[in-house]
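Below, each chain spelled out in residue letters.
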Amino acid sequence: MTELSGSLRRVPAEPALAVLGLLALTWSYASVLWHVTDVVGGRTAFVGVVIASLALAALVGRYVDVRVAFVLTIGLLILGSVAYLATLPRSQLELLTAERILQDTIALFTGLSVLRLVGAGTWAIAVVPGPVFLSWYLAIRRRYVAAAAAGSVALGLVVLTGDASGTTTIVGVAGATTAVAADTFDRHGAGTTQVDVLTALVAAMVVFSATLSVVPGAAGSPILPNRGSPTVEGSIVDAQDRVEIVGSIRLSPKVRFTVESPQSDYWRTAVYDRYTSDGWVRTGNTRPYDGQLRGPPGPTDRLEQTVTAEDEVAVLPAAAAPVRLDGEVTDRTVVTPQGTIKPTTTLEAGDTYTVTSRVPNATSDRLRAAGTDYPSQVTEQYLQLPDSTTDRVRERAASVAGDEITPYDKAVAIEEYLESEKEYSLSVPAPSGDIADQFLFEMDAGYCTYYATTMVVMLRSQGIPARFVTGYTAGEQVGNDSYVVRGLDSHAWVEVYFPDVGWVRFDPTPGGPRQTAESARLTEARQSGEENVDLTTSNATAAPVPDGNSGTEISPSPTTESSSPASNQTAVNGTLGPAGNPEMEVVTSTPTEDSGPLPGLPSWRALSVGFVGLLGIAAGAHRTGKLTRMRQLLAIQGQRRSEDPDIDVIRAHRRLSVLLEHEYRARDPGETPRAYHQSLVDAGLLVEDSRRRDARRLLELYERAQYGPGVAPVEADEAVTTADRLVRSATPILRRFS
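About the thresholds
Residues numbered from 1 in each chain as written. Predicted model: local features only at pLDDT ≥ 70, side-chain atom pairs only at ≥ 80, totals over all residues. Heavy atoms only, no water. pLDDT = per-residue confidence, 0-100. Contact = heavy atoms within 4.5 Å. Buried < 20%, exposed > 50% of the residue type's maximum accessible area, 1.4 Å probe, protein only. Helix = DSSP H or I, 4+ residues; strand = E, 2+ residues; numbered from the N terminus. Pairing = 2+ DSSP bridges. Salt bridge = Lys/Arg side-chain N within 4 Å of Asp/Glu carboxyl O. Patch = residues over 30% accessible without salt bridge, like charges linked within 9 Å, V, L, I, M, F, W, Y side chains within 5 Å. Areas by Shrake-Rupley, 256 points an atom, 1.4 Å probe, with all protein chains shown as cover. Expected span 1.5 Å × (residues − 1). Polar contact = N/O pair within 3.5 Å; in protein donor to acceptor, adjacent residues only side chain to side chain. Core = buried A, V, L, I, M, F, W, Y, C linked by side-chain atoms within 4.5 Å. Phe/Tyr/Trp six-rings, centres within 6.5 Å; stacked < 30°, edge-to-face > 60°. Axes fitted to C-alpha atoms, helices over the stretch in contact; angles between N-to-C directions. Parallel < 35°, antiparallel > 145°, perpendicular 65-115°, else oblique. Left-handed = near helix turned anticlockwise from the far one by under 90°. Nonpolar A, V, L, I, M, F, W, Y, C, P; charged D, E, K, R; others polar.

Below, the discussion takes up the confidence of the model for the chain. When pLDDT is averaged along the chain, the result is 77, and 73% of the positions lie at 70 or above. Considering only residues more than four positions removed or in separate chains, one finds that residues 1–11, a stretch of pLDDT under 50, has 0 contacts. Contacts from residues 732–738, a stretch scored under 50 in pLDDT, to residues over four places away or in other chains number 17 contacts.

In C-alpha cells form, the structure reads like this:
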C-alpha cells in the first residue's frame, strides 16, 4: 500500500491537468452539437461517432505519424460532408451552387445558427469526429498545445454560429487555457508564455462574434434603426430567422402600416418549422422572388391587398398564401422555403406594394375528409420534436385529442382546450425548460407565443403536421376596405397541414381577454397623447375589427378562415417579434399602466461574453508586462510600517527603485544602487534639484540600513516621508506603463 501511494505521488500532475482541460474543451463544443442532435434527432448516432473517434485516436495515437493523423482528420471531414449532402432533399441540393455554398460557409462563421441548416443533425454528426479525433490523438502524443488549438477551432465555430452559450464558451476557454498552461509547466518547468496569448486570442474571437449584428448569407437580414431601447433592436435582429420565447412583454400602439383589402385577414410575415424546446427556427435557404409563388393545392379565394408602410418596417405582411407581388419592393424580396416573402432591405414610410394571395376556403367537412396522406417533405419538416420532449406532454395531447378521429377534430379539440384551460396574460415569468411542458403543467397564464407553441407541439406529438406562424391581425378598420395596423396587432398562431388543401390557420389564444388588454393600451396611448398612434385618416374612436364571434376565438372553416380574423392580437414577444417587428419591449417585471420603458438587465450571455472579454484584456496586459508594471506602480503608492526601522528604510528605497525603473531604466545586473543613481544624474535624467536631493538622501539611509550600523526610528520616518514625496511628485504615475 505504501509502495502504491509512493507511485501515485510520483505521477506528474501536469499531464493530468492538461487532460482535464482538454476534457472541458471537448465538452464545450460537443455539448453544443449534442443539443443540435437533441432538437432534430440523432443523439444515439452522435454518441456513437464521438466514442468511435476517441477509440480511433487511442488506437493510432502511439503508432501513426502526425502527418498521417492530419490526413485522417481531413478524410473524416470529407466523409462527413459527403454523408451530410447525401441526406439533403433534392429541392435543397438543387440550390447548392458554388456561390451558395460559399455564402452559407461565410454565414456560419458570422452568426448563422447550425439549427437553421437543413439536416442539422447530420451536419453535427458529420463535423464532430474530426476535432475529437485530432485533439485526443495529439493529447496521447502529449502535444497539449496543438490539441488545445484543434479543439479551440471547433469551439470557435459554434461560438461564431451563435449556438454556444456564455457558460459553454467560458468552460471551453478555461479548458484550453488549462491545457496549454499544463503543457508549459510540463515542458519548461515554469512560465505561462503561451497561455496568455491563447487566452487573448480566444477571448477576442468570442467578443468579436458576440458583437456581430448582421448575418451575411441570411438573405440580407434587414435591421431597423434603434428606437430608444437596445432590447428592441436586439429583438429585430433575433426575430429574423430564430424566435426565443421569453417572459413578460409590453405592447406598442404605434402605427406600422395600412392595408387596403376587400376583406380582413391575418397578415402573415414569417413561418418557423423547427422547434428547439425554448423557441423556433426557420430552416433552409431563401431564393430571390422571380414573379410567381406556389399557392395552396386546394380550393381558394383570391384576395388582393395593397400595403403601405407608415413607418420603417423590415417585413412584408400578406394574407396566406401569397402568390404574386407587385411594386418597387419586388427586386429586393426573397422567398423562404416555408412560402413567406421578406424584404432584403428596410421599407421606408410611404413604400407601397400589392400582394395577391390565395386564401384556402375548404369547408370543415372537407377538412375532416382530408385524411392523413401527407407528402414526405411535409412530414419530415413539420413533425419534428426534440428528443427531450417530455412524456407528459405527449400523454396530455393524447388525452385531449385521443377520442377524436380526424386530424381536423384533433386540432379543434386542442385549440379549444388551450383556450379554456389557460388564462391570457402579458405578465409571466421567464420560462425555464421546454416551453410546451412549462405552459401545460407549470404555468396558469401566458400570451400568444405560449399558446401557439404548445398547440404545435401537441399536434406534432399526435402525428399531425403543424407550424408556428407570426404576423399581424387585421388591425383597426377605418373604412370599408381600409385597415390601420399597429404594433400591438402583432401575433403568433398555428397553421395545420391538410392533404389536397394546404395550410389552414388555427388560433388557440383566447380572443376576449386579449382584445380587452390591447384596447386598454390603445385607449391609454390616445389619452396620454403618445405620438404615431393614429393616422390623420383614422378615427380615434373607431372600434377594432370584431372577431366575428363576440370575442371568442373560433375554429377555422370556409366561412371563418378568411373572413373573421381577430383584431388587435397580442404582439409577439420582444426578443422574438414577428420577423422584425420592433414594437415589443421586453420587461423584467409586471408592466403597469403608467410605467415608461423599463431598462432590461444584461442577459447571462452578455455578462458571460463581458467576462471573457475582461479575461482576454487581462491576458493581453500580462503578455505585454503592463499588468505587472501597473501592479508595481500601485504598490508603491503607500507603505506599511514595521517595528524595524531598517526594514522600513529598505522598503522605502525599493519604492524609489520601482519609480526610477518605470520613469527611466532598470538597474543593470551587478550595478550597485549608488552607481545606478549616479548614472541617472550623469545622463541628465534626475535634473530637478529637489528630487535629486531626496533620491540621494534616501540612498544614504538605505546604505546605512542595508550595509552599515542601521538607522534610528526618526530616520526611518524620514525615509518613508521622502519616498512618499518622490512618488507623489513624479510624472502622473498611472498615465503610462511602458
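What follows picks up the thread again.
In this section: the pairing of strand β4 (residues 267–272). Of all 6 residues that make up β4, 6 are buried, and the element is covered over most of its length. Strand direction decides the pairing type here: β4 and strand β15 (residues 466–472), joined by 5 bridges, are antiparallel. Counterpart to Arg268 in the pairing with β15 is Gly471.

What follows is about the pattern of salt bridges. Under the definition given, this model contains 32 salt bridges. The shortest N-O distance in the salt bridge between Arg302 and Glu304 comes to 3.2 Å. Taking relative accessible area as the criterion, Glu304 reaches 36% and is therefore assigned partly exposed. When the shortest N-O distance is used, the salt bridge between Arg368 and Asp409 registers 2.9 Å. One end of the pair, Arg368, is in helix α13 (residues 364–368); the other, Asp409, is in helix α16 (residues 407–421), and 41 residues separate them in sequence. Given the relative accessible area of 16%, Asp409 is considered buried. One salt-bridge network, in which partners are shared between bridges, spans Glu476, Arg486, Arg526 and Asp534.

Reading across the sheet, the 3 strands line up as β7-β10-β11 and stay open at both edges, with antiparallel pairing between neighbours. Strands with a single pairing partner mark the edges of an open sheet, and in this sheet they are β7 (287–288) and β11 (341–343). Across 3 bridges, the pairing between strand β10 (residues 333–335) and β11 is antiparallel. Paired with Val334 across the two strands is Lys342, which belongs to β11.

A surface patch of nonpolar side chains, amounting to about 340 Å² of accessible area, comprises Leu17, Val19, Leu20 and Leu23. Note on placement: Leu17 falls in helix α2 (residues 13–40). Residue classification places Leu17 among the partly exposed positions, given a relative accessible area of 40%.

We now examine helix α22 (residues 645–663). For α22, built from 19 residues, the straight-helix expectation of 27 Å at 1.5 Å per residue is met to within 8% by its first-to-last C-alpha distance of 27 Å. Along α22, the residues classified as buried are Pro645, Asp648, Val649, Ala652, His653, Arg655, Leu656, Val658, Leu659, Leu660, His662 and Glu663. N-cap assignment for α22: the residue whose side-chain oxygen lies 2.9 Å from the backbone N of Asp646 is Asp644.

Moving on to the nonpolar core. Counting residues in each nonpolar core, the largest one holds 61 residues, and the members touching the most others are Leu418, Leu459, Val494, Phe498 and Phe506. With 9 residues, the top contributor of residues to this core is helix α18 (residues 448–461). Setting aside residues no more than four positions away along its own chain, Val494 makes contact with Ala452, Met455, Val456, Leu459, Ala466, Arg467, Val504, Arg505, Phe506 and Pro508. The next biggest cluster of nonpolar side chains, apart from the first, holds 48 residues, and it includes Val32, Val36, Val60 and Leu138.

Inspection of the secondary structure puts Gly350 in the loop between β11 and β12 (352–360). Expressed as a C-alpha distance, the spacing of Gly350 and Val307, which sit 43 residues apart in the sequence, is 9.7 Å. If we skip the residues at most four places from it in the chain, Gly350 touches Thr308 and Ala309.

Next up on the list: the sheet that holds strand β6 (residues 279–281). If you walk across this open sheet you meet the 3 strands as β1-β6-β5, and the pairing is antiparallel. At either margin of the open sheet sits one strand with a lone partner, and together these are β1 (242–244) and β5 (274–275). Where β1 lies against β6, 3 bridges are found, and the strand directions are antiparallel. Bridging across to β6, Glu244 finds its partner in Gly279.

With that settled, the discussion passes to the packing of aromatic side chains. Tallied over the full model, the rule gives 18 aromatic pairs. With a centroid separation of 6.3 Å and an interplanar angle of 55°, the aromatic rings of Tyr408 and Phe498 are classed as tilted. Taken together, the residues Tyr408 in helix α16 and Phe498 in strand β18 (residues 490–498) connect sequence positions 90 residues apart. The two residues Tyr408 and Phe498 agree in class, both being buried.

Turning our attention to the packing of helix α4 (residues 66–87) against helix α8 (residues 129–140). Two elements in contact, α4 and α8, have axes separated by 8 Å at closest approach and are oriented at 165°. In terms of orientation, α4 and α8 fall into the roughly antiparallel class. Every pair of crossing elements has a handedness; the one defined by α4 and α8 is right-handed. In this structure, α4 contributes Val66, Ala69, Phe70, Leu72, Thr73, Leu76 and Leu77 to the contact, and α8 contributes Pro129, Gly130, Phe133, Leu134 and Tyr137. Class assignment of the residues belonging to the contact of α4 with α8 gives a composition of 10 nonpolar, 2 polar and no charged.

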